[in-house]
Each structure stands twice: as structure tokens, then as C-alpha cells.
Amino acid sequence: MSELLTETFVTALLFGSVTAGVPLLLAGIGEQISEKSGVLNIGLEGMMLVGAYTGFCAAYYFDSFWLGFLFGGLGGVSVAMLMVLFCVILGLNQIVIGIALTLGADGLTALLHHFQFSRTYPRLSAVEPLVIPVVGDIPYLGEVFFHRHPVVYLAVGLVFFLVWLFKRTYVGLNLQAAGDVPAALDVTGVSVRSTRTWAVLATGFLAGVGGAFLANIGAGIFVPHMIHGAGFIGIVLAMLARGHPTWVLYGAALFGVSLSLTTALQVAGFNIPTDVVQMLPFTMVIVMLILLGRNSYLPAALALPYIRGER
Amino acid sequence: MRQTLVAQISKMLISAALIVFGLGFSALSSAADLKAIAVLVPEQGTDYGWNQQGVDAARAVAEKYGLEFMPAEGLGYGDVRPTLRELAEEGASLMICHASGYNTAGPEIAQETGVPVAIVDTPQGLVEGLVTDYTLSGHDGAYLAGVLAAHTTRTGSVGIVVSGEPPSWNSQSAAFAMGVKAASDSTKIIYAVIGPAAYGDAAGGRRVTESVISAGADVIFGQGNGSSFGMIQAVETTKAVDGGKVWFIDVIGDKTEIDKGHLLSSVLWDMVPVYDAMVSDLMDGTFGTRGYQIGLENDSVRLLKSPHIPANIWNELMDLRDKIISGSVSVDNISDAQAVRALMTSVDINEG
């Protein structure tokens, strides 16, 4: 085992854990915004998938990772608009619509990929990182955390921005009211429908960027069904973190590190059942967040459509 | 008493004649009723791998027998019962469930509709006339790939990255490891599974492969469906620990068309003989009485010859292939995941 622990190997493992964690972080905090406003966004996986597809197309055709993220976000928004139409405006069942959107996105992106890329499977070149001076030279950790595409720094910064937004601004209060007591928000003259609409669209954008990150930086290619449950893990992180953006950050980081740990255990040649090793990320995240999140709460009106005047 | 005996013998003879006639008629009607072959695959049949080989082979066999071809692609890894019922209603005479995830649904729908199905990786699941199995393994070919990898590595380490641990992947991983050790006992083997059924997880494929490369491997034997593309991306964008190129050995399909200079070889599978035999058995009325396999002897398993393989090594591999076919070198078919994992640290060679 010790012979394996070279700087190259450890750095690659930790680098991979951050890369795996960022899409979960983006999707998780996006879901948290939506849940805060009272919309349980089960369609997160579908938003990520469409974001991965549109993001990859943009990055590939325009040769720009930035445009890839922008179009990835817009792809997620396009699915979120359907969620808004069916769940916020028409008040249909959020779980059913979310599942339908995910299945629809799965089929649509597979079909588009089939017509567009299934004979060529184009891959993107390696991303040019933004190296942060001084801290980027720290052994092991410098390359892992500070040799990254700027989107990684923005994703982490967004967590702290949301902490501030939720706690210190009227926007945060409105979101919370829309999820807890939507009628009270309505009485104050703030539109519940509008608040929830913007929240779901923001979720779509962040999930789309997360999907684009997974395709463009995580894999460097788009293949059908490639989100592979990351959207559902994002939902779990958001629900277990119960309103705390920083806990989503911890959960995503823990999940990424656990994934790398599973690889490390295998590479080191531990002869234990792979299923046991691969349960590790899921088990660790659930146990940690349940222990830490016992005193938190979910919005009272979560997953309930709001119709003015209805009790 | 004598009359009774004669009457009983007569009845038995008539019954036997009727049974023989009935069986013959049944076989004839099976052949006559064979109209269409359906194949169900989890991803699109354009993946240069498992899905494409399955779809292409089914199409070729349908054409050979003049049958309608009914592909159902991109079905994912969930419940395919509705699709199976639909295909049965549309007149499929044989439904090939080309994913281990369909092994529960396939036999159920076969019982329900009476339409024969073929499933994978379940040799114990045969039901006469209704369910057959093809547990394919290119382990003999993977053994050759292992020898090739051992001759190619500069760093003295080779990697095996798999998207799951189905029997087919396991037997090839084990055979690859045995091939490596047969050619060079000192070569280190690094084995990693991306995740539970991570067949389409391209990002996971890339992440795990990059870790395996950073642990020293400069030849990657990758088994993964969609996740293979993540492995290839890792191979193309990551330098080996010695700063040189990393090679990739693929399985099942031929990705030469999309290669950027890293594809060393592939353990190619041809499923045409398998599906051909299934249709033939269906016509003969023996469907569901045996399973099907592929092998080196009829080239349904073979090693892809890329321009990156030196001629002398290729010749050595072909000599070894002949020895495997003749039986002078035998390669164990180890399909149990736990046994494969144990093998990565202790490989026994079975020659002679």
C-alpha cells in the first residue's frame, strides 16, 4: 500500500474526488433553492442530462468551455421551464412531473446523441486550469484545489453567497416563506408563483451547469445516460442538508472523497467484495448528514402546489 | 386377456405415432412461424461495443434467414417488460435480451406470452422451448491481450478498469491477468471497478482510469460500454508516470474509426454464430436445451491487429492462439468476482 502513496497517485485521487464532487455540489445547491421555495424538483437528473448535452455541444462546436457552461445552464433552464409550467403554474404533482421530465430527457438526449455523435464520439481537449498563485504550489493540495477551471471556484463561492442570500436578504426570506407559509407570503403582496418560478429556473441553471461540468470536464465526452444518478444524489444531499448550503458542500466533498477512497482500496488490492467498497460513498454521506442534520427541517409546504385562497 | 393386451399395445403404438407426428408438426410449425427477431439493448447500437455487436449480429442473422428485424435500442437498465410485451404483440418470434439487467423480465414475459427469449449470463436459466442463455466470454482472447500488454508496458504495470463485475467481464479480467503473468511474472496488475453497474458512467470511467494510470499503469485493459469512452479520454489526456504514452486495449468492438493513436488492440466478439445457432435450434425444436458460447476456433473471439503491435509480438500471439485452440495452453474461465479479485494478487498459470 505504502509504495502506492506517491504524490502523483494521491494527487490524482484527490483531484478526481473534487471533479466528482463539483457536479453534485452544483445540483445539490440548486435543488436546495427549489426546495426552499416549496418545489421538490425530482427532475434534477433530467436537467443535468440536458445540460450535459447542450453544454457538450456548445463546448465542442464553439471550442469554448465557458460557452459550454452557459449553454449547459440554459439547457437545464429549458427543462426547468417545463417544471414551472406543470408544477408551479398548473399545480400538478411535482414527483410525477419530475420523474417524467427525467425519463423524457434521458430519451431525448440519447436520441439526439444517436443522430449527432454516435458514429464519431468526439472528445474535448483537456481543460486549461486557472492556477492560483502561491497556494497552487502547495504539495498535494495545491494541484487538487488550486489548479482548476474557474467554474470550480465559482461553485464553492456560490455556496457562501447562498448562505448570505438565505439568511440576510429579503430574497432569502421570500424563498423560505414560499416554502413554509406560502399564503403568508401572498398576503404581503409577493407572488408565490413568481418566487417559485425563479427558484426552479435557478435550479435548472445550476443543474445544467453541473451536467455540463460532468460532460466537459469530468468525462470530456457526452454519452447517453451519463449522469448516472448524480441528479438523484444531488436531491438526497439537498434534502439531508435541510436548508444549509454549506452542508451540501460537505456532503458533495465527502461523496467525492469516498469515491476516490473506493478506487484507492481497489488499486491497493484489498480483497474485499467490490459491492461493499462501493457502498462506501453512499453510506458515508447518509450517515454523516443524518447525524449532522437531525435538528434541521424541511419546508412545511414542500411538494405542495399553492393555489390562492385554498386551504 | 389376449385381446386386452393387443388393444393396449395398439393404443401405445398409436399414441407413440401421434407423439412423433405431433413433435414433427410442432417443429415444422416453429420453423414456419419464425417471422421476426427482436433484440433489446440498453444503449444505442452504435457504441462500437457490446450494444453494437449485439444489434449488428442480430440484423445479420435476420437477413440470413429472411426474417424481419426488430431492434429496440437505448432501453436503459430499468424495467423492459412493457417493451418485451410490445415486441411480442408485434410478432417477434425470438426476443434477444442483450443485457444482464433483463434476465428477470425476459423469462417472465416468455412465460406470459409464449415467445422464446434469449438472456445473458444465466446458464442455469434454460427452459426448453422458451428460454435460452448465452454467457459469452472472450477469455481466450483476453489472455492473448494480457500477453500483449506485458510485452508493451514500459513501466512494468498494467491496469484493468471495468464498469461492473458481470461474469463476462470477470472471466476476461481473470484471463487478461493470467496472460500478463504468463508473459512477465514481474509485471504488476492494477485492478479497479468503476462502480456498481457503471456501464454508462463515462466520467467515472475517466476518473478511475486516471487514478490507475497515476498508480503506474501504462497499458489499460478497459471493459465498459459507454464508460469506455471515459477510459479512452483518460488515456488520451493523461501521461504515464514515465511521461510516455498510455495504451488502451478495448473489448468486444472495434473503435479504430475513432481512435486518436492510443488503441493498441481489442478483444473482438462476433455474436453472429451465437444468434445463428439460436435460430437454427428454434427451427429444429431444440431451443432452450443448451447455452451458446464464442471462441477463438471460429474467430468469434479474436484479437484486433492494430498498426501499433510489432510484427514479432503479433506472430507470437498467433502461435499462442493456435496453442490455445489445440489445447496445449488452457485458460481457465473464472467468472466469480471474488475469485477474480483474489487472482489480481496471486496468479497461477495453467500451461501444458
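Residues numbered from 1 in each chain as written. Chains lettered and ligands numbered in written order. Predicted model: local features only at pLDDT ≥ 70, side-chain atom pairs only at ≥ 80, totals over all residues. Heavy atoms only, no water.

Caption draft 1: Structural detail: the pattern of salt bridges. Residue and element names in this part refer to chain B. As enumerated under the stated definition, the model contains 15 salt bridges over all chains in all. Across the pair Arg-154 and Asp-218 runs a salt bridge, and its minimum N-O distance is 3.9 Å. With Arg-154 in the loop between helix 5 (139-152) and strand 6 (157-162) and Asp-218 in the loop between helix 7 (202-214) and strand 8 (219-223), this pair connects stretches of sequence that are 64 residues apart. Residue class for Arg-154 comes out partly exposed when judged on its relative accessible area of 40%. Between Asp-250 and Lys-255 there is a salt bridge; the shortest N-O distance is 2.6 Å. Residue Asp-250 is classed as buried on the basis of its relative accessible area, which comes to 0%. By sharing partners, the salt bridges in this structure join Asp-79, Arg-81 and Glu-108 into a single network. (Salt bridge = Lys/Arg side-chain N within 4 Å of Asp/Glu carboxyl O. Helix = DSSP H or I, 4+ residues; strand = E, 2+ residues; numbered from the N terminus. Buried < 20%, exposed > 50% of the residue type's maximum accessible area, 1.4 Å probe, protein only.)

Caption draft 2: Representation of the pairing of strand 5 (residues 131-134) of chain B within the structure. All names here are of chain B. The side-chain alternation of strand 5 yields two buried faces, one formed by Val-131 and Asp-133 and the other by Thr-132 and Tyr-134. Of the strand pairs in this sheet, strand 4 (residues 117-120) and strand 5 are connected by four bridges, and their pairing is parallel. Bridge pairing in strand 5 places Val-120 opposite Tyr-134. (Pairing = 2+ DSSP bridges.)

Caption draft 3: Representation of the layout of surface pockets in the model. Of the voids in this model, the second largest pocket is the one considered here, and its volume is about 460 Å³. If you trace the second largest pocket, you find 22 residues lining it, with Glu-45, Asp-106 and His-225 of chain A together with Gly-76 and Tyr-77 of chain B closest to the centre. At the level of elements, helix 2 (44-62) and helix 4 (94-116) of chain A are the ones that each hand at least two residues to the lining of the second largest pocket. Looking at the lining of the second largest pocket residue by residue, the class counts come to nine nonpolar, nine polar and four charged. (1 Å grid on protein atoms, 1.4 Å probe; cavity = no way out; pocket = protein on both sides within 12 Å on 5 of 7 lines; lining within 4 Å. Points joined across faces, edges and corners; volume = space filled by probe spheres on them. Nonpolar A, V, L, I, M, F, W, Y, C, P; charged D, E, K, R; others polar.)

Caption draft 4: The arrangement of the interface of chain B and chain A in detail. Listed per partner, the contact involves 47 residues of chain B and 41 residues of chain A. Summed over both partners, the interface of chain B with chain A comes to about 3400 Å²; 53% of that surface belongs to carbon and sulfur atoms. Summed over the three residues of chain B that lose the most area to chain A, namely Thr-46, Arg-207 and Arg-341 of chain B, the buried surface amounts to 18% of that side. Connecting chain B to chain A are one salt bridge. Here chain B is connected to chain A by nine residue pairs in polar contact (both at pLDDT 80 or more). Looking at the side of chain B that touches chain A, the elements with two or more residues in it are strand 7 (188-193), helix 7, helix 8 (227-237) and helix 11 (337-343) of chain B. (Contact = heavy atoms within 4.5 Å. Buried area = accessible area lost by both parts, 1.4 Å probe. Polar contact = N/O pair within 3.5 Å; in protein donor to acceptor, adjacent residues only side chain to side chain.)

Caption draft 5: Up close: the side chain of Asn-225 of chain B. All names here are of chain B. Note on placement: Asn-225 falls in the loop between strand 8 and helix 8. The buried category is assigned to Asn-225, whose relative accessible area is 9%. Beyond its immediate chain neighbours, meaning those up to four positions away, Asn-225 contacts Glu-43, Trp-50, Asn-51, Tyr-77, Trp-169 and Tyr-199.

Caption draft 6: Structural view of the packing of aromatic side chains. Residue and element names in this part refer to chain A. Within the structure shown, the criterion is met by 16 aromatic pairs over all chains. A ring pair is formed by Phe-56 and Tyr-60, whose centres lie 6.0 Å apart and whose planes are at 5 degrees; its orientation type is stacked. Remark: Tyr-60 and Phe-56 occur in helix 2; sequence separation between them is four residues, near one turn of the helix. Phe-56 gets classed as buried once you look at its relative accessible area, which sits at 0%. Exposure remark for Tyr-60: the relative accessible area of 35% places this residue in the partly exposed category. (Phe/Tyr/Trp six-rings, centres within 6.5 Å; stacked < 30°, edge-to-face > 60°.)

Caption draft 7: Region of interest: the sheet that holds strand 9 (residues 247-252) of chain B. Residues and elements named next belong to chain B. Spatially, 7-6-8-9-10-11 is the arrangement adopted by the six strands of the open sheet, whose pairing is mixed. If you trace the sheet from one side to the other, it starts and ends with strand 7 and strand 11 (301-303), each paired once. Recorded for the sheet is a direction-independent mean angle of 15 degrees between the axes of neighbouring strands. Across the sheet, helix 5 touches strand 6, strand 8, strand 9, strand 10 (263-269) and strand 11, and the angle it forms with strand 10 is around 170 degrees. (Axes fitted to C-alpha atoms, helices over the stretch in contact; angles between N-to-C directions.)

Caption draft 8: How the structure looks around the sheet that holds strand 2 (residues 68-72) of chain B. Residue and element names in this part refer to chain B. Spatial strand order, 2-1-3-4-5: five strands in an open sheet with parallel pairing. A strand with exactly one partner marks an edge of an open sheet, and here the two such strands are strand 2 and strand 5. Each strand axis lies, on average, 20 degrees off the axis of its neighbour in the sheet, ignoring direction. Examined bridge by bridge, strand 1 (residues 36-40) and strand 3 (residues 94-97) share four bridges and lie parallel to one another. Of the residues in strand 3, the one forming a bridge with Ile-37 is Leu-94. In the packing of helix 2 (residues 50-65) onto the sheet, contacts are made with strand 1, strand 2, strand 3 and strand 4, and the angle to strand 1 comes to roughly 180 degrees.

Caption draft 9: Representation of the domain arrangement of chain B within the structure. Residue and element names in this part refer to chain B. Each assigned domain of chain B is listed here: domain 1 (34-134) and domain 2 (139-270 + 297-343). The C-alpha-based centres of domain 1 and domain 2 are spaced at 28 Å. Contacts between the two partners involve 10 residues from domain 1 and, on the opposite side, 16 residues from domain 2. Roughly 1100 Å² is buried in total at the junction of domain 1 and domain 2, and carbon and sulfur atoms are behind 56% of that figure. Connecting domain 1 to domain 2 are zero salt bridges. Where domain 1 meets domain 2, there are six residue pairs in polar contact (both at pLDDT 80 or more). (Domains from an automatic or database assignment.)

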